[in-house]
Structures are given as structure tokens and as C-alpha cells.
Amino acid sequence: MSKPKKLVVGNWKLHGSKAANAQLLSGVLAAGPYAADVGVCAPFPYLADLQAQLASSAVTWGAQDVSAHEQGAYTGEVNAAMLAEFGCRWAIVGHSERRAYHAESDQLVADKAKAALAKGVTPIVCVGETLEQREAGHTEEVVKRQLSAVIHTLGACIAEIVVAYEPVWAIGTGKTATPEQAQAVHALLRAQLAAATPKASTIRLLYGGSVKPDNAATLFAQADIDGGLIGGASLKAADFAAICRAAG
Ligand code: PEP
């Protein structure tokens, strides 16, 4: 099976405004087209604007979270059908900030991934260890446990997700995993997926954690790194465009 096309997704987190987003997207579009697949994940209120600005482009868009529920008394939640109505291609699930600040469990993350897929929204499932876990030698155990919940919940549909390995200690810290460190974990995740599906080689495994224009190409050149999930650098059009080109 041939290697999947590279994918670069921006995670805007809690940033932006209508005006700033429009300007950022204009810059990203003007610097394209890109050889890689490119997407941006914005706060919920801006999804309609993204749909309007990006619908006629090759750049896709998505959300940073999704409810595990279809509907009901879940104040504040947004379901996958709603995301699909706004043309969302992606929903990030299990970002370390949601696991840490909203106490999201491995099973809840898996349920969110399932809910997204059921409505045709591709979940970008984040896994990653803290610095403490890495230093204690627990990286493999932690990322495998996180991915295992998703594998068991999705069954054969596991081949339809995107996985993002994001070491918590590298997110927003300026400390990037070395290409060798990142590749080693990606290889572990690929092997875990291969035990679950014959399509493991087609699943895109993104690296995230302080990816910048000057380190992107080396990271993306690793055998099992199929692109990136980009936080801070996705807020600057020139930097994000340079990272997208590094994946091309
Ligand atoms: C992220 O939040 O997904 C991320 C990778 O952030 P940063 O690129 O800023 O480290």
C-alpha cells in the first residue's frame, strides 16, 4: 500500500476574531496551493466563516472538540452532526489540554472519535506523554493505552482516523521532540495499529509539539510521520504556509 498523502492541520486553540481569522486565512490561501493536504481547526463560533471563506479552496476546516453525545441535556456541548452541517472535515479529540483541564478519560476520547466518525467527520485523535511520564520511562505504555481505547471502541473503523502524537512537554514550550524521538513513538503507534487493521500504513500519523518552519521538514521526512498538528505557528500565515510547504 502506498504511503498516505501528508497532512498539516492548524490548531488555533482559543485565539482569533472574525477579522483576524479572515486575514490569516487570506494569507494561507495566497501562499498556496500546497502539495500536502491542509486544514485548520477553529473555535466553534467561527466555523460558518471558515466554511464561507474556504469552501471553494482546497483547504479544509474543522473543530477542536466534539461531544460524545448525539443530543440531549448536555449544556455547552456541540455534536458531530452540527459540525458536519458546517462542512467540518476534522474534529480534534483528546488534545492534551482537554485531557488535563477537562479531565477527559481515554474512553471519553474514544467515544468522541466514534461520534465524529458516525457523522462523517474525521477525528484527529491526540495521544502523548507528559515529561514526568517520559522521564519515568512510561512513554510507550501511556501512548499505547490512549490509542488502545480508540482501537477497541472503533473496531474496523480505526483505519478512518488520523492520529496525532503530541508529547505534552513539547506543546507550546518551544521544546520539540527530536526527529528520532518522534519517529520512535510513531513507529510504536504504527505497529499497534497494524495489529488492529491491515490498513495501518494508510492511517496518517501527525506529529505535534512546537513544529516551526525551521524544524518541520526534518520531522516530516521521518518514515512514520505523515504530517503535523500545528499550534502556535498556525496563527502566523507565513509560518503556517512554510510548514505546509515543508510537507509537500
Ligand atoms: C498543539 O496544541 O496541538 C500544538 C502542537 O501546539 P504547538 O505547536 O504550539 O506546540
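As shown above, the structure is provided for reference.
On a predicted model such as this, the values are computed, not experimentally measured, just so you know.

The rules behind these values
Once a new chain begins, its residue numbering starts again from 1 and follows that chain's sequence as written. Since the coordinates come from a predicted model, pLDDT governs what is reported: local features require at least 70, and pairs of side-chain atoms require 80 or more to be given and counted, while whole-chain, interface and lining totals use all residues. Only hydrogens and water are set aside; all other atoms, that is, all heavy atoms of the structure, feed into the side-chain values. Burial classes follow relative accessibility: with a 1.4 Å probe on protein chains only, a residue under 20% of its type's maximum area counts as buried, one over 50% as exposed, and anything between as partly exposed. Note on conventions: DSSP H or I runs of at least 4 residues are helices, E runs of at least 2 residues are strands, and numbering of each starts at the N terminus. It is the directions from the helix axis to the C-beta atoms whose arc is reported. Here, two residues are considered to be in contact whenever any of their heavy atoms come within 4.5 Å of each other. Any two strands with at least two DSSP bridges between them are considered paired. For crossovers, right-handed means that the path from the first strand over the helix to the second runs clockwise, given strands pointing away from the viewer. Lines fitted to the C-alpha atoms define the axes, with helices restricted to the stretch that makes contact. Angles between their N-to-C directions range from 0 to 180 degrees.

**A few points about helix α2 (residues 47–54)**
No. 1: Residues of α2 that are buried include every one of Leu47, Leu50 and Leu54, and no others. On an axial view of α2, the arc spanned by its buried residues comes to 55°, and they lie on one face.
No. 2: On its buried face, α2 is in contact with α1 (18–30), β2 (37–42), β3 (60–63) and α3 (80–85).

**Remarks on the pairing of β2**
No. 1: Extensive coverage of β2 is indicated by the burial of five of its six residues.
No. 2: Taken together, the five bridges between strand β1 (residues 7–11) and β2 define a ladder with parallel strand orientation. Paired with Leu7 across the strands is Asp37, a residue of β2.
No. 3: At this point the chain moves from β1, through α1, to the parallel β2, and the crossover so formed is right-handed.
No. 4: The pairing of β2 with β3 spans four bridges and is parallel. Bridge assignment links Gly39 to a residue of β3, and that residue is Thr60.
No. 5: Crossover connection from β2 via α2 to parallel β3: handedness right-handed.

**Topic: unusual backbone geometry**
No. 1: With an omega of 0°, the peptide bond between Gly32 and Pro33 qualifies as cis.
No. 2: Along the chain, Pro33 turns up in the loop between α1 and β2.
No. 3: If you check the backbone angles, Lys13 has positive phi at about 50° while not being a glycine.
No. 4: Tracing the backbone through its elements, the reader meets Lys13 in the loop between β1 and α1.
No. 5: Residue classification places Lys13 among the partly exposed residues on the basis of a relative accessible area of 21%.
No. 6: Its identity as a non-glycine residue notwithstanding, Ser210 has a phi of 55°, on the positive side.

**What about the sheet that holds β1?**
No. 1: Judged by pairing direction, the barrel is parallel, and its eight strands sit side by side in the order β1-β2-β3-β4-β5-β6-β7-β8 before closing back on the first. Ignoring which end each strand starts from, the neighbouring axes of this sheet average 25° apart.
No. 2: Where β1 meets strand β8 (residues 227–230), four bridges bridge the pair, whose relative direction is parallel. Each bridged residue has a counterpart across the sheet, and for Val8 the counterpart in β8 is Gly228.
No. 3: Packed on one face of the sheet, helix α5 (residues 106–118) meets β4 (90–93) and β5 (122–127) and runs near 160° to β5.
No. 4: Sheet strands touched by helix α8 (residues 179–194): β5, β6 (162–165) and β7 (204–208). Its angle to β7, the strand with the most contacts, is close to 150°.

Keep in mind that these numbers describe shape and distance, not what the molecule does.
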